[in-house]
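Commentary on secondary and tertiary structure
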Amino acid sequence: MAKICQLFSGSSGNSIFISEGKSKILVDAGVTAKRLEIGLNYIGEDASELSAIFITHEHYDHVKGLRVLAARHGIPVFTGKKIMERLYADDRVNEDIPTEIISKNMELGGIEILPFELSHDSSECYGYRFNLSKGRSVSVCTDTGYVTAEAKRIIPQSDFVFLESNHEVTMLENGPYPYILKQRILSRKGHLSNEACAEFAKELVKGGTRWLNLSHLSRENNLPEIARQTVIAALAGEGLKAGYDYKLSVSKPENDERAIII
C-alpha cells in the first residue's frame with residue numbers, strides 16, 4: 001500500500017508526503033517544522049519516522065522548515081550539488097544534518113528514485129519519480145517554466161503525477177504583479193501555466209497516467225476551477241473523460257483531507 005498527500009502547495013509553502021511500507025519520504029519542507037509535523041499528524045504520520053527529505057530547489061517556499069525539521073528528527077536530506085551548496089550557504093542545512101548529493105537514480109528502502117532536471121530561476125531544480133512496488137509510481141513536476149526533455153522522458157506512465165498548474169496567463173498579464181515579476185513567471189525559467197500543464201497532461205493520460213494532481217497554483221493569478229477546467233477541456237479534445245479515463249484533483253494551499261492510497 002502506498003500513501004501520498006500534498007501537505008502544502010503554492011507560494012506560501014510546498015511539501016508532499018509519499019510512503020510505502022516503512023519508507024516515508026517528504027518532498028520539500030516549505031513551511032515551518034511545526035506546521036509540517038501537524039500536517040503529517042493529520043494524515044496519521046509522525047515526522048520522527050521520516051526516512052528522507054528530497055528537495056526540489058532552494059527557494060524559501062520549498063525549504064522554510066527544512067533545517068529545524070531535519071535536525072530535530074535526524075532526517076537525511078537529498079538534493080543536487082548546486083542546491084546543496086545553496087542550502088549550506090543559507091544555513092538551511094548544517095553539519096548536524098545528514099546530507100547526500102544526488103544526480104542519478106538511487107534506491108531508498110525499496111523505492112527507486114529518479115531525479116530529473118527542470119527549468120527554474122534557482123541554482124538548479126529537480127523533479128522526482130518514485131517507483132514503488134507492484135509497478136506503481138508517483139512523479140513530482142513543479143516549478144518549471146516549461147516541460148523539459150528529461151521530464152518528458154522520465155514521467156510518462158507514472159500512475160500519479162503532481163503537475164504544476166501555476167497561473168492563468170490572462171489573469172497574470174492583467175494582475176497586480178510588477179512587470180518584471182510577470183516576465184519572470186512567464187519565462188522559460190518561471191512557472192508552468194494552465195495551458196502548458198494541460199498540453200503535457202494530454203501526453204501523460206494517453207500514455208497511461210491515471211491520476212493528475214494540479215499543484216503550486218498561484219492565489220493571485222489562478223483559480224482552482226479554471227485550472228481544472230483547462231485540463232478537462234484539453235483532455236476532452238482527445239476523447240478522454242474525467243472520472244472514467246483519469247482522475248483529477250487540485251491541491252489546496254493546506255491539506256484538509258485524508259491521504260490518497262494507491
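My aim in this report is to walk through the structure given alongside it, one point at a time. (Residues numbered from 1 in each chain as written. Predicted model: local features only at pLDDT ≥ 70, side-chain atom pairs only at ≥ 80, totals over all residues. Heavy atoms only, no water.)

1. Structural notes on helix H4 (residues 81-89)
The criterion, for reference: Using a 1.4 Å probe on the protein chains alone, a residue whose accessible area is under 20% of its type maximum counts as buried, one over 50% counts as exposed, and one in between counts as partly exposed. Secondary structure is summarised from DSSP: a helix means a run of H or I of at least four residues, a strand means a run of E of at least two, and numbering begins at the N terminus for each. By arc we mean the arc of the directions from the helix axis to the C-beta atoms, nothing more. The contact criterion used is simple: two residues touch if any of their non-hydrogen atoms lie within 4.5 Å.
Among the residues of H4, those classed as buried are Ile83, Met84 and Leu87. Buried residues of H4, seen end-on, are gathered within an arc of 100° and therefore sit on one face of the element. For H4, the exposed residues lying more than 90 degrees away from the buried face are Lys81 and Ala89. Looking at the buried residues of H4, the elements they touch are helix H2 (60-63), helix H3 (66-73), strand S5 (77-79), strand S6 (99-101) and strand S9 (126-131). One or two steps after H4, the chain reaches Asp91, where phi turns positive at roughly 60°.

2. Side note on the pattern of salt bridges
Defined as follows: What makes a salt bridge here is a side-chain nitrogen of Lys or Arg within 4 Å of a carboxyl oxygen of Asp or Glu, nothing more.
Counted by the stated rule, this structure contains 15 salt bridges. For the salt bridge of Glu238 with Lys206, the shortest nitrogen-to-oxygen distance reads 3.2 Å. Residue Glu238 is located in the loop between helix H9 (224-236) and strand S13 (247-250), and its partner Lys206 is located in helix H8 (residues 194-206); the two are separated by 32 residues in the primary sequence. Look at Lys206 and you get exposed, because its relative accessible area is 53%. Between Arg228 and Glu225 there is a salt bridge whose closest N-O contact spans 3.4 Å. In this pair, Arg228 and Glu225 both sit in helix H9, 3 residues apart, roughly one turn of the helix. Classification of Glu225 as partly exposed rests on a relative accessible area of 43%.

3. Focus on the pairing of S13
Here is the rule: Two strands are said to pair when DSSP picks up at least two bridges between them. Handedness of a crossover is defined as follows: orient the strands so they point away from the viewer, and if the path from the first strand over the helix to the second runs clockwise, the crossover is right-handed.
Across 4 bridges, strand S12 (residues 211-215) lies against S13 in parallel orientation. Paired with Trp211 across the two strands is Lys247, which belongs to S13. The handedness of the S12 to S13 crossover, carried by H9, is right-handed.

4. Comments concerning the layout of surface pockets
Basically, it comes down to this: Note on definitions: the grid is 1 Å and covers protein atoms alone; a cavity is a set of points where a 1.4 Å probe fits but cannot get out; a pocket is an open set with protein on both sides within 12 Å along at least five of seven lines; lining residues have an atom within 4 Å of a point. Grid points are joined across faces, edges and corners, and a volume is the space filled by probe spheres set on the points. Note on residue categories: nonpolar means Ala, Val, Leu, Ile, Met, Phe, Trp, Tyr, Cys or Pro, charged means Asp, Glu, Lys or Arg, and polar means any other residue, Gly included.
Empty space within the largest pocket amounts to approximately 250 Å³. Lining the largest pocket are 17 residues, with Asn213, Val250, Asn255, Glu257 and Ile260 positioned closest to its centre. Those elements that place two or more of their residues in the lining of the largest pocket are strand S1 (2-8), strand S11 (160-164), S12 and S13. Looking at the lining of the largest pocket element by element, the count peaks at 3 residues for S1. Partitioned by chemical class, the residues of the lining of the largest pocket number 7 nonpolar, 5 polar and 5 charged.

5. Some thoughts on unusual backbone geometry
For Asp28, which is not glycine, the phi dihedral falls at a positive 75°. Tracing the sequence through the fold places Asp28 in the loop between strand S3 (23-27) and helix H1 (33-42). By relative accessible area, Asp28 is classed as buried at 3%. Unlike most non-glycine residues, His216 shows phi in positive territory, near 55°.

6. Notes on the packing of aromatic side chains
Stated precisely, the cut-off is as follows: Side-chain rings of Phe, Tyr and Trp, where Trp is taken by its six-membered ring, are said to pair if the distance between their centres is within 6.5 Å; with planes under 30 degrees apart they count as stacked, over 60 as edge-to-face, and otherwise as tilted. Ring-over charges, as used throughout, are those where CZ of Arg or NZ of Lys falls within 6 Å of the ring centre and within 35 degrees of the ring normal.
Under the defined criterion, the tally for this structure stands at 7 aromatic pairs. Ring centres 6.1 Å apart and planes at 40° place the aromatic pair Tyr128 and Phe130 in the tilted group. On the basis of relative accessible area, Tyr128 is assigned to the buried category, the value being 0%. Overall, Phe130 belongs to the buried group, its relative accessible area being 0%. A centroid spacing of 4.9 Å and a plane angle of 55° characterise the contact between Phe160 and Phe162, whose relative ring orientation is tilted. Each member of the pair Phe160 and Phe162 is classed as buried. Directly above the aromatic system of Tyr146 lies the positively charged group of Arg188, at a separation of 3.8 Å from the ring centroid.

7. What to know about the sheet that holds S9
For the record, the criterion: Inter-axis angles, ranging from 0 to 180 degrees, are taken between N-to-C directions of lines fitted to C-alpha atoms, where helices are fitted over the stretch in contact.
On the basis of which strands lie adjacent, the open sheet formed by 7 strands has the order S7-S8-S9-S10-S11-S12-S13 and mixed pairing. Two strands bound the open sheet, and with one partner strand each, they are strand S7 (106-108) and S13. This sheet shows a mean twist of 20° between the axes of neighbouring strands, independent of strand direction. Taken together, the 4 bridges between strand S10 (residues 137-141) and S11 define a ladder with parallel strand orientation. From the neighbouring strand, Val138 faces S11, where its bridge partner is Phe160. Packing of H9 onto the sheet brings it into contact with S12 and S13, and relative to S13 it is tilted by some 160°.

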